Structure formats: structure tokens, C-alpha cells
Amino acid sequence: MTLPERARVVIIGGGVGGTSIAYHLVKRGWRDVVLLERAQLTSGSTFHSAGLVGQLRSTMPLTRLMMNSVALYEGLNAETGVDVGWRPVGSLRLASSRERMEELERQAGWATSFGLPLELVSAEEAHRRFPLMTQEGVLGAAFLPTDGYLDPSGLALALAEGARRGGARVCEGVRVTGIGIERGAVHRVDTEQGSVEAEVVVNAGGIYAPEIAAMAELTVPIIPMAHQYLLARIKDQIPEDLPTMRDPDLLVYFRRDASGLVMGGYERDPAPWGLDGIARDFNNRLLPEDWSRFEPLSQNAIKRVPALEHADVIKLINGPEAFTPDNEFVLGESSVRGLFVAAGFCAHGIAGAGGMGQAMAEWIIDGEPSLDLWKMDLRRFGDAYRKRDYTLVRTIEVYSTYYDIHYPNEERQAGRPLRLSPTYPRLTALGASFGEKSGWERPNWFEPNASAFPPPLAGEGQGGGRGRPAGWAGHHWSAAIPAEHRATRERAGIFDETSFAKIEVSGRGALAFLQRLCDNEMDRPVGSVTYTQMLNRRGGIECDFTVTRLDEDRFLIVTGTAFGNHDLGWMRRHDPLDGSVTLEDVGATRACLGLWGPRARDILQPLTDADLSNDAFPYLTAQRIRVGPIPCLALRVTYVGELGWELYCPIERGLELWDALWQAGSAFGLVAGGYRAIDSMRLEKGYRVWSTDITPEDNPYEAGLGFTVRLGKPIDFIGKEALIKAKADGVTRRLRPLLLEDGSAIALGGEPVRLPPSPSGGGQGGGIIGRVTSGGYGYTIDRSIAYAYLPSAQAAPGTSAQVQVFGRWVPATVAREPLFDPAGERIRS
């Protein structure tokens, strides 16, 4: 097909990703779409995919993405006339240890809250469904009847046919050589056959995506990994409806094939590929068979399916697939306006292609997807991933631990340490147990605090906070966490928050810019600190942070460590580009220490000439002060619900600031605290976490943040119309805290919530009404806490409910918030 001179959208890549995006764009009425494929459709990684389709993921939005895929696959054959080979035979996931069975129990809870018909079955039932397996060592399994498998090439060809019928042009044999950019926005795509002007360009290049991104001076953190699976014929009869099966304890998976059985897995010694570049002619090609690397997997497979020992091997398929450092897709708009990425499918591309294409079409046409796709958003990767070596070691780590049990609060080890706070030597000397966030080393807790500040022996409450939590919550835990929590509540704690993302917004148009994006009033006096959100057009929460007015035309935004790239990207997308606004990431230039607790003023006041009294320095204000000789911007804010300040100083003075505060605090029982204590304290106060408690799918009224909304401010803000409508229609769901009656039961996120069934069994109740967004233990109120969005009409404070924790329905009560210091007296003291 002859290349057009221009198109509304150009998609680069003809695998399942690119064809799905083209298909969904034309379904939405955007017909001026051109898809460019360097060789033939499916010739990258699609043609050698194993084709498994599993739907259950760790969050509702990601699961819904997979469910949308299955819904599409069911009717694609009839719509396009191309057979995708969809076989909804169901899937089995085996458990051969108590820990793995607990994982399945947790996943069953997710499935219940997500609306998937997953059931836990016995080893005998698993064998009945998959008669080729041995039951040896199997404790049970999860069965999901709506999963299955298909023909990956057939899927891509069907999607391409659907796109063509809708008006899209599919051009094979067209190699992209460059991407043109003007004024920060994509302008054209250059190819060996000529150039195509475009408003939108989508990099759906799979294993070639990093090479394509480099044409726009961008980095996409993807590593091709050589993934292998076996095609074999066995003598045993294979049922037509044999479900797919995963045995994560043995690192292997199975499915039926027309000529036998497919068996693959994820080895402990993965093989990155193409690190020095991919050959120009690597199309429709496989890698050499690597039997030595595959041998441990084949031996494991024989343990589970003995018939494979004497099978006839048809072929060992070895092909490169694109993996990312966290084993999730890379989706969304890049820092170049109009240049989108949809790649890095991590062996889930077939399962997610249909839903992914739908979400990307929404992103391109509407400006944002209808689902919360933060866990797949390109912007989750910060500057650290511009280094190929860091991306490589992180990707090897996730591939080699693909089937491992990943307990909550697990810390990854590869590539560390990378980014260090100036206080790192002191934190290390104090016995910090470090975690990592966006490359930053951060203390989770300080182990010596566990013995220095032991928990009380007796007290009121449920008692669950007196020792190590039961079950999964007890992994990656220390008695130092409640010790630091209580010490901060009773005396004072010092916390290194240097990793927080910090963004300056300045210029003659800065105020108007922020007024347009924020739901709160930004035109406040210099020195004001304002808690606010930035919303999408649907009223969903895209950003959540504080804004400090430094001068008339200069503002400081402080947001979560992992969200800086995202929030800066959201603002850049709405930059008027007229020179009136400057956006600058200043995170690396300033250290930040948080000092909180009832003795915080006693500690800080002797170090400064500034008046720190409540009248002179009220809550939610900022002042420039000196702490000893160190210039600081002091913000009277809190994320723990206590009196205190965040102190920002030049990064090179951070260690000096820590030493000054530490020395001054020794007489008042100051304790060094970590982020796990912060999380426990914020739960008691009901402070939200963006990406879990509040997302682009939740509006401020639902989230309990209506107090930040100023519908009457002089400048209309993005999302205002949606909020007006939501308010008029009435808020039908609200984020509520639940107090669990069993203090040893800790909700970790994703657990279903229901009303108690009627005692007679024939009445109302018992239905799922929500799922947990976040949970943990409140060591001051001494209760297990879970937050969930619940129907307003059914779950007012005082309502009895139940939360399913690892298969057990735990009684709970919907509570009023905040659970701690409801009048806010401590933060304003």
C-alpha cells in the first residue's frame, strides 16, 4: 500500500498491540489511521507467543483490562471472519505448599471482589480436570472457568482485518527511520519509503520499542528476554477441554496444542537478548534452542506431567519477548506530546491485547483512559531507568522470580543502592532497614528501636498490635514499627523524606495555570500551604499533593516519591506553551526532614529565631527560617496527624540539618522513624494514598475529600462540570474505614467486603459491596483498619460488615473518621 502524506494517527508495529489499537481507534470513529510494520504482521514476538489468556491480576483495573480482552475474543471470529482459535477451557493454578495455598486464598478474595468466578478446588478435582497431572505434593488449586488460550497470529490478523474494515490502512514492509518533533510535540514519522505527517504516533514496537523511542530521544525501559517453551506429542489421550495449567512451585505452565502439549516456564537463570541492538533482518525468526537452560524446567514439568518423559519433541521454541523492570506493560503518552507508547507486554500481551487497545484508544481520543492504569503507566519509571544497566538488572530479577510468592511490603534487591539521601550515613548507623522507592533508599524502620522501645505488656483494645501480625502481614515486619509509631505519638519522631518529589511552578501565568488544574483555591497569600487534587474531565483524581505559595508567581508542589514523573507529566500536558509557565523538577536539589510529635516544637524552637508558636506559625503555612546556620523552608504540615514541620534545605546541608535536630531532640526522647510507622499513623488519621485509596476512577466527594473542592472559585478547573453533576446526582459510594473485630486479621488490599448474611439465610444481605483499598494496624487505637469504597445507602457509620481475609470472613464495623484525634487538636496545637 502506498504511504499517505499525512494521517491522524500512525501506529508503529504490527503485533497484537499495534493491531488492537488500530482496531479500537476505528471502532471509536477515528478512521484516518495508518499502521506501519517493518516486515509482516506478527513477525516480531507475536507469532511465537504461547497464547495463554489469564484474567486475574492484583488490581481491579488490570483485571478488567484482561476481562475486556476475553469479551472481545469471544466475538472476533464472527465479526472479522478470521479464526483466532479462542478456546475458553478454563485455567488451573496449583499449590504445593501451605504458603502457595494462602496465595490462592488471597487471589480467590480478589476474584470475588473483581467479579471473576474463580473457585478453590482440591487436588483430586484438579486431577479430574487435568488428568495428565500427578497429584503428588499438591494441596489444592484455583480454577477459573473463563480463562483459556488462542492463536496469537490469528488474533493479530483478525484485529488487523477489523481495523481495515473500519478504514485503517495497514502497510507492511515499511521500516521507520525517524520521528519528527516540533515545539515538544510529535509531527511526523520518517520511513524508508517517505514521511507521514501525524497528530499522534504510537510506538507499539514490542522488542524494537526502545530503538523506536530513541528516535525521539526517549527511553523506554524494556529488555528482550529469550523465552522458551516446548511442543511435544505424548501417548496419553489429551481431552479436548483440557484447561491450561500453571504450577508456580515448579516454575512451569501447560496447555493443549492441536498436535500435543505445550510446556514452558520461567527459569532462574534468564537470558537477556539483543542488548547490543537487534539485527535489521530479525523478522519472523527464532533464537537457537537452548536445551541446557531449559533442562531444569523440563525436569520439573515431568514431575507434574510424567507422560512428558517419553514424549516426542516437536520443537523447542525460543523467541525474544519484551519485559519491563516491574513485569507490567508500558502504556501512555510520553514527554513528547502526541507520542504514545504501548509495549513491554511481559508475556501477558495476548491476554491483555484486546483491553489494552481499548484503553489506549480512550487515552488517545479522550485524553485519559477510563481505567486506572497507573501500574502500567510509562510515567511510573523515573530517571533511574534511563540507565540501561539498571533496567537490565531489575528486569532479570522480575523474570527470575516470576512465579515466586511476593509478600506485601517485599523489597526488591537488584540495582541497589542507587540514590542516597545526604543522611544515609546516619540512617545506616542507626540501624535502618532500608526499602527502595523510585531508586531512593528509604528507611522502613530502625531495627534497634524494636528493643529500645518495647510495646506495652497490656492495654485496652483488641491486642493485635502487641506482637508480630499473623499470616502474610507478619512477613517483612518488625516490632520497631509500632515502637516508632508510639514514640512519635507520645514524644517526637524524625523522618527523612528527601525522596519526596518536588516541583516548582513559576512564571506570570503560574497562578492561572494552577487554578485551571486544581480543584482547591490557589489564590491564597504567600506562605499558604494548600492541599488539593488535579482532576481529569470525569472528575477522577489524577494528582494529590500540597502546593505552597512561595512568592506571587512561584509555587512549590510536594508529591509522593513515585508520583513525581506522573504529576509533572500531567502538568506538562496542560502547559499553555506560551512562555508564561515554567515547570521544574527540583527534587534532587533539596533534602527534606519531617519532625512530628507533641514535643516537636520543644525540639525545634531552640534552634531558630523564628517564632514557632501556633499564633505566629499556624497549621498549613510556610516560612523561611534558619535552623542553626542552615536555611530552611519550613512547612507546617503533617502526614501522621501530629504537630510538626517538614524542613526543606539545600541537599548539601541535609546531613547537617539531621545532626542539629537529632542532638536537640535527645533530651525529649526523639526517635528516628521509618515509612512503615508513617503508614500506620496515616491510616489512623484517614490520610489518603494516591493509586490505592484514590485514583483517576474516584472523585473527591466519593473519596471523602470534598472539603478541598471550591466550585465557586473564579477560574473553572478541569473536572468541575463532572463534580457539579456528581454532587447533583448524589454520592452513591464513599471511602469508609472499617474496624475489624479480630485484631490479628490484617487486610492487605483487594479483599472483598460484604454485608453479613441474614441469620435465616433467606433474607437480604451477604452480597459483595466493596473491596479494600488499603489496610493495616493502628497502634494507637489498637485496631486492625481497612479502607473500602462502600455504597452510601448501605454502609453508614455503625453498619456491621465482613471482610474476607485469606478465605475467612472477619466481622467488622464501618466507622466514622478520622479514627484518631477527630477534632484535629493535635495538628493545630
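Before reading further, recall that the structure is shown in the block above.
Reference entry: report on the structure contained in this document. Please read all numbers here as calculations on a predicted model, not as lab measurements.

## Quick look at the overall build of the protein chain
Item 1. From N to C terminus, the protein chain includes 18 helices and 37 strands.
Item 2. Taken along its principal axes, the extent of the C-alpha atoms in the protein chain is 80 × 65 × 55 Å.
Item 3. A total accessible area of about 30500 Å² is found for the protein chain, and carbon and sulfur atoms account for 49% of it.
Item 4. In the protein chain, which carries 88 positive and 102 negative side-chain charges, the distance between the mean positions of the two groups comes to 3 Å.

## Details of unusual backbone geometry
Item 1. Cis geometry marks the peptide bond from Arg-416 to Pro-417; its omega dihedral reads -10°.
Item 2. Residue placement: Pro-417 occurs in the loop between α9 (388–400) and α10 (424–429).
Item 3. In this structure, the amide linkage connecting Glu-817 to the following residue, Pro-818, adopts the cis form with an omega of 0°.
Item 4. A positive phi angle, near 70°, is found at Ala-347, a position not held by glycine.
Item 5. Mapped onto the secondary structure, Ala-347 falls in the loop between β18 (339–343) and α8 (349–366).
Item 6. Of note, Asp-782 is a non-glycine position whose phi angle comes to about 60°, a positive value.

## Structural notes on the pairing of β18
Item 1. Counting buried residues in β18 gives 5 out of 5 residues, a clear majority hidden from the surface.
Item 2. Residue alternation in β18 divides its side chains into two sets, Leu-339, Val-341 and Ala-343 and Phe-340 and Ala-342, and both sets are buried.
Item 3. Sheet analysis places strand β11 (residues 194–203) next to β18, joined by 3 bridges and oriented parallel. Within β18, the position partnered with Val-201 by the bridge is Leu-339.
Item 4. In terms of strand pairing, strand β17 (residues 330–333) meets β18 through 4 bridges, oriented antiparallel. Residue pairing for β18: Gly-332 is matched across the bridge by Val-341.

## Examining α8
Item 1. The sharpest bend along α8 reaches about 35° and sits at Gly-355.
Item 2. Buried residues dominate α8, accounting for 15 of its 18 residues.
Item 3. Note on α8: the residue one or two positions beyond its end, Gly-367, has a positive phi of about 95°.

## Let's talk about the packing of helix α2 (residues 60–80) against helix α5 (residues 152–165)
Item 1. Look at α2 against α5: their axes get within 10 Å of each other, and the N-to-C directions meet at 60°. In terms of orientation, α2 lies oblique with respect to α5. For α2 against α5, the interelement crossing comes out left-handed. Residues Leu-72, Tyr-73, Leu-76, Glu-79 and Thr-80 of α2 pack against Leu-155, Ala-158, Leu-159, Glu-161, Gly-162 and Arg-165 of α5.

## What to know about the sheet that holds strand β35 (residues 783–791)
Item 1. Taken in spatial order, the 6 strands close into a barrel running β32-β35-β34-β33-β36-β37, and their pairing is antiparallel. Adjacent strand axes in the sheet meet at a mean angle of 40°, parallel and antiparallel pairs treated alike.
Item 2. Note: strand β32 (residues 733–740) against β35, 8 bridges, orientation antiparallel. Residue pairing in the sheet places Arg-734 in a bridge with Leu-790 of β35.

## Looking at the pattern of salt bridges
Item 1. Under the defined criterion, the tally for this structure stands at 55 salt bridges.
Item 2. Between Asp-377 and Arg-379 there is a salt bridge, and its shortest N-O distance comes to 2.6 Å.
Item 3. The buried category is assigned to Asp-377, whose relative accessible area is 3%.
Item 4. In this structure, the salt-bridge partner of Arg-549 is Glu-552, at a minimum N-O distance of 3.3 Å.
Item 5. When its relative accessible area of 58% is taken as the criterion, Glu-552 is described as exposed.
Item 6. Salt bridges sharing partners connect three or more residues here, namely Glu-504, Asp-551, Arg-554, Arg-590 and Arg-624.

## Concerning the side chain of Thr-546
Item 1. Mapped onto the fold, Thr-546 is located in strand β24 (residues 541–551).
Item 2. Given a relative accessible area of 19%, Thr-546 falls into the buried group.
Item 3. With sequence-adjacent residues up to four places away left out, Thr-546 is seen in contact with Val-529, Thr-530, Tyr-531, Leu-556, Ile-557 and Val-558.

## Thoughts on the sheet that holds strand β4 (residues 91–95)
Item 1. The strand order across the open sheet formed by 8 strands is β5-β6-β4-β13-β14-β15-β12-β16, and the pairing between neighbours is mixed. The open sheet has two edge strands, β5 (119–121) and β16 (312–323), and neither has a second partner. Averaged over all adjacent pairs, the angle separating strand axes in this sheet is 25°, with direction ignored.
Item 2. As defined by bridge partners, β4 adjoins strand β6 (residues 140–144) across 5 bridges and the pair is classed as antiparallel. Counterpart to Leu-94 in the pairing with β6 is Ala-141.
Item 3. Contacts between helix α3 (residues 98–114) and the sheet are confined to β4, β5 and β6, with β4 contributing the most and set at about 140° to the helix.

## Some thoughts on the packing of aromatic side chains
Item 1. Summed over the entire model, instances satisfying the criterion amount to 26 aromatic pairs.
Item 2. One aromatic cluster is present, formed by Tyr-253, Tyr-266, Phe-323, Tyr-399, Tyr-402 and Tyr-403 through successive ring pairs.
Item 3. Here Arg-129 stacks its cationic end above the ring of Phe-143, 3.9 Å away from the centre of that ring.
Item 4. Directly above the ring of Tyr-675 sits Arg-442, whose terminal nitrogen or CZ lies 3.6 Å from the centroid.

## Topic: the packing of α2 against α8
Item 1. Taken N-terminus to C-terminus, the directions of α2 and α8 make an angle of 95°; their axes are 7 Å apart at the nearest point. In terms of orientation, α2 lies roughly perpendicular with respect to α8. Touching Leu-65, Met-66, Asn-68, Ser-69, Leu-72 and Tyr-73 of α2 are Ile-350, Ala-351, Gly-352, Ala-353, Gly-354, Gly-355, Met-356, Gln-358 and Ala-359, all from α8.
Item 2. Among the residues making up the contact of α2 with α8, the classes are represented as 9 nonpolar, 6 polar and no charged.

## Things to note about the nonpolar core
Item 1. In terms of nonpolar packing, the biggest core is built from 51 residues, with Ile-11, Ile-21, Leu-25, Leu-155, Val-202, Leu-331 and Met-356 touching the most fellow members.
Item 2. Of all the secondary structure elements, the ones that give two or more residues to this core are β1 (6–12), α1 (16–27), β2 (33–37), α2, α5, β11, β18 and α8.
Item 3. With 9 residues, the top contributor of residues to this core is α8.
Item 4. If sequence neighbours within four positions are ignored, Leu-155 has contacts with Val-16, Tyr-73, Leu-76, Val-84, Leu-150, Ile-350 and Ala-353.
Item 5. Among the nonpolar cores identified, the runner-up in size contains 48 residues, and Leu-94, Leu-230, Leu-297 and Leu-392 belong to it.

## A closer look at the environment of Cys-346
Item 1. Here Cys-346 shows up in the loop between β18 and α8.
Item 2. On the basis of relative accessibility, which here comes to 0%, the residue Cys-346 falls in the buried class.
Item 3. As a C-alpha pair, Cys-346 and Leu-373 span 27 residues in sequence and 16 Å in three-dimensional space.
Item 4. Those residues in contact with Cys-346 that sit more than four places away from it in its chain are Ala-322, Phe-323, Thr-324, Asn-327, Glu-328 and Tyr-402.

## Some thoughts on the side chain of His-227
Item 1. Mapped onto the elements, His-227 comes out in strand β12 (residues 223–233).
Item 2. Discounting residues that sit within four places of it in the chain, His-227 has contacts with Tyr-253, Gly-265, Tyr-266, Ile-317, Asn-318, Gly-319, Glu-321 and Tyr-399.

About the cut-offs
Residues numbered from 1 in each chain as written. Predicted model: local features only at pLDDT ≥ 70, side-chain atom pairs only at ≥ 80, totals over all residues. Heavy atoms only, no water. Helix = DSSP H or I, 4+ residues; strand = E, 2+ residues; numbered from the N terminus. Areas by Shrake-Rupley, 256 points an atom, 1.4 Å probe, with all protein chains shown as cover. Lys, Arg positive; Asp, Glu negative; His and termini not counted. Charge placed at Lys NZ, Arg CZ, Asp CG, Glu CD. Buried < 20%, exposed > 50% of the residue type's maximum accessible area, 1.4 Å probe, protein only. Pairing = 2+ DSSP bridges. Bend = angle between axes of the 7 residues up to and from the residue. Axes fitted to C-alpha atoms, helices over the stretch in contact; angles between N-to-C directions. Parallel < 35°, antiparallel > 145°, perpendicular 65-115°, else oblique. Left-handed = near helix turned anticlockwise from the far one by under 90°. Contact = heavy atoms within 4.5 Å. Salt bridge = Lys/Arg side-chain N within 4 Å of Asp/Glu carboxyl O. Phe/Tyr/Trp six-rings, centres within 6.5 Å; stacked < 30°, edge-to-face > 60°. Lys NZ or Arg CZ within 6 Å of the ring centre and 35° of its normal. Nonpolar A, V, L, I, M, F, W, Y, C, P; charged D, E, K, R; others polar. Core = buried A, V, L, I, M, F, W, Y, C linked by side-chain atoms within 4.5 Å.

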